[in-house]
Amino acid sequence: MSLASASGSLLRSCARQQLTTSRAALASCQQSRGVADASKASFESPFSSNTTKIPDFTKYSSKKSPRSNQVFSYFMAGSLGLASAVGAKATVQDFLVNMSASADVLAQAKVEIGLGAIPEGKNVIIKWRGKPVFIRHRTQGEIDEANQIDHTSLRDPQADEERVQDPKWLVMLGVCTHLGCVPIGEAGDYGGWFCPCHGSHYDISGRIRKGPAPLNLEVPAYNFPDDETLVIG
Ligand code: FES
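Residues numbered from 1 in each chain as written. Predicted model: local features only at pLDDT ≥ 70, side-chain atom pairs only at ≥ 80, totals over all residues. Heavy atoms only, no water.

Looking at an unreviewed UniProt entry, the chain carries the name Cytochrome b-c1 complex subunit Rieske, mitochondrial, with the source organism given as Aspergillus steynii IBT 23096. Per its UniProt entry, the chain bears the Catalytic activity (unreviewed entry) comment "a quinol + 2 Fe(III)-[cytochrome c](out) = a quinone + 2 Fe(II)-[cytochrome c](out) + 2 H(+)(out)". Of the comments in the UniProt record for the chain, the one headed Sequence similarities (unreviewed entry) reads "Belongs to the Rieske iron-sulfur protein family." (UniProt positions renumbered as here; feature names shortened; annotations may be inferred.)

Caption draft 1: Looking closely at a nonpolar patch on the surface. There is a patch of nonpolar side chains on the surface, built from Val92, Phe95, Leu96 and Met99 and spanning about 440 Å² of accessible area. By the secondary structure assignment, phenylalanine 95 is in helix H2 (residues 66-99). (Patch = residues over 30% accessible without salt bridge, like charges linked within 9 Å, V, L, I, M, F, W, Y side chains within 5 Å. Areas by Shrake-Rupley, 256 points an atom, 1.4 Å probe, with all protein chains shown as cover. Salt bridge = Lys/Arg side-chain N within 4 Å of Asp/Glu carboxyl O. Helix = DSSP H or I, 4+ residues; strand = E, 2+ residues; numbered from the N terminus.)

Caption draft 2: Structural view of the state of the cysteines. Per the stated rule, a full pass over the model turns up one disulfide. Here cysteine 181 connects covalently by a disulfide to cysteine 197, the sulfurs 1.9 Å from one another. Around the S-S axis, the bridge from cysteine 181 to cysteine 197 shows a dihedral of about -100° and counts as left-handed. Residue cysteine 181 is found in the loop between strand S4 (169-173) and strand S5 (184-187), and its partner cysteine 197 is found in the loop between strand S6 (191-195) and strand S7 (200-203); the two are separated by 16 residues along the sequence. Note on cysteine 197: relative accessible area 39%, which makes it partly exposed. (Disulfide = S-S within 2.5 Å. Buried < 20%, exposed > 50% of the residue type's maximum accessible area, 1.4 Å probe, protein only.)

Caption draft 3: Structural detail: unusual backbone geometry. Of note, arginine 129 is a non-glycine position whose phi angle comes to about 50°, a positive value. Counting through the fold element by element, arginine 129 comes out in the loop between strand S2 (123-128) and strand S3 (131-137). Even without being glycine, glutamate 186 reaches a positive phi, approximately 50°. Turning to its location among the elements, glutamate 186 is positioned in strand S5.

Below is the structure:
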């Protein structure tokens, strides 16, 4: 036998032996996997059992009597309600105080004028809420003139008695009803006020008589607390 044929037969016998060993290992592995599969098949899923089982909370429950628990609950609810009401009241109060008029605005809301200082037949102009106010101490002749007019024929029909509380005192805003200029007193075609901006004429009752202004001069809110005092506002 040659050396080459001897080595070939040796290699074949080794390969045969290795193949046998590999087959045995594979069979053993498959067998063990089969066992594992068999054990897995017998595994029980936790979700297949009853999951609505309620835990036991008895160790957390109060040991006191139900009545004392109720008292505590009512006390806490009442205290929180009271605290919330106090907080809400403070918030609303702060909001209202902030929104209300400041002291300087309130001081301007009303103006008091001593009438004794205004002679008959004279005009006085005062400032009220940032606007001029005309105060005229009318003579008897001016009162008669204001009442002689047929007010129904006027552009803004208004009787003189509707515009005054005391015929001697005519009180009106000094703002032209056309575009807001300040009319000039004791001027114009009707002996009242004249607006030079576009030529509006107002009579001795402050009613528009000629020119582009559509309305009479506005009469503000006022009153006479006594014979010598006028309060505007
Ligand atoms: S603003 Fe007075 S007439 Fe135009």
